[in-house]
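Descriptive analysis of the structure
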Amino acid sequence: MRIAIGQLQEESNTFVLQLADLRHFANNTLLYGDEIVRALTGTHAEVGGFLAVLGEAGAEVVPTVAAHSVSSGIVPRETFETLKAELLARLPAGPVDGVLLALHGSMVVEGDHDGEGALLAAVREAVGPSVPIAASLDLHGNITARMVASADILVGYDTYPHVDMYETGRECASLLLQAVRGATRPLTVFAKVPMIVSAEGMSTQHGPMRS
Ligand SMILES: [Zn+2]
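My aim in this report is to walk through the structure given alongside it, one point at a time. Just so you know, the residues in each chain are numbered from 1, in the order the chain's sequence is written. Given that the model is predicted, a residue must reach a pLDDT of at least 70 before its local features are reported, and side-chain atom pairs must reach 80 or more before they are shown or counted; all residues, however, enter totals for whole chains, interfaces and linings.

**A few points about the overall build of the protein**
- Within the protein, the regular secondary structure consists of seven helices and six strands.
- Only runs of H or I of at least four residues qualify as helices and only runs of E of at least two qualify as strands under DSSP, and these elements are numbered from the N terminus. Overall, the protein shows an N-to-C arrangement of helices and strands of β-α-β-α-α-β-α-β-α-β-α-β-α.
- Relative to the compact-globule value of 17 Å for 211 residues, the protein shows a C-alpha radius of gyration of 16 Å, a close match.
- In terms of overall dimensions, the protein has a C-alpha envelope of 45 × 40 × 30 Å along the principal axes.
- To assign burial, the other C-beta atoms lying within 10 Å of each residue's own C-beta are counted, with C-beta atoms placed from the backbone; 20 or more indicates buried, 12 or fewer indicates exposed, and intermediate counts indicate partly exposed. Buried positions account for 40% of the 211 residues belonging to the protein. Here the radius of gyration uses the C-alpha set of atoms, whereas the globule reference equals 2.2 Å times the residue count to the power 0.38.

Following this line, the structure appears as structure tokens:
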């Protein structure tokens, strides 16, 4: 069982002028291929959760790109195309059985407000219609119909403050493996709740988000 993994996380604020370019990612996390397994095994975020579950299952890990930045302005088109091309180039020529991606959900790319949708659509095109794709998300993501159409499984954090990144990664990887083994056939549905919560009122420890 060969599972490709990747990470591309950026939370864009379109009012911020500082661009999330490659240097911005490199100042945070920017890893390629086997560096990802060396650097992120045993860590307590999504990719650490992916690697733990895949290790327990004896899966062959195909590491692609791991790029993470703190919240910033939009991602320049050239940066996005570079990271996307690096990720796609590391998908093996032979088939993979599944793809696991750690995403945020609110990445804005120059010319495209749905960066994750663009990435997931490109990965779907690369692996074909029958290979399961699962992605983890921040619960602050702006989920789009394109994301839902391109992925088989999308798993968001359950908590804010975010204390369940590792658990979310594990859940996402476990659901993907069930689909790869044919134990489940995930279906995605897209529904928007008519509700806006201010960031200050979004804690899941009390208030409307708790209930
Ligand atoms: Zn968040």
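And the narrative resumes.
**Describing unusual backbone geometry**
- The omega torsion across Tyr-160 and Pro-161 is 5°, close enough to zero to call that bond cis.
- With respect to the secondary-structure elements, Pro-161 resides in the loop between strand 6 (153-156) and helix 7 (165-180).

**Considering helix 7**
- Helix length check: helix 7, at 16 residues, gives a terminal C-alpha distance of 23 Å against a target of 22 Å (1.5 Å per residue), a fit within 8%.
- With 12 of 16 residues buried, helix 7 lies mostly within the body of the structure.
- When helix 7 is considered as a whole, its buried residues turn out to be Met-165, Thr-168, Gly-169, Arg-170, Glu-171, Cys-172, Ala-173, Leu-175, Leu-176, Leu-177, Ala-179 and Val-180.
- Once C-beta atoms are placed from the backbone, any two residues with those atoms within 7 Å are in contact. Of the surrounding elements, those touching the buried residues of helix 7 are helix 3 (46-57), strand 4 (98-103), strand 5 (133-137) and strand 6.
- One or two positions beyond helix 7, positive phi appears at Gly-182, with a value near 85°. Expected helix span is computed as 1.5 Å times (number of residues minus one).

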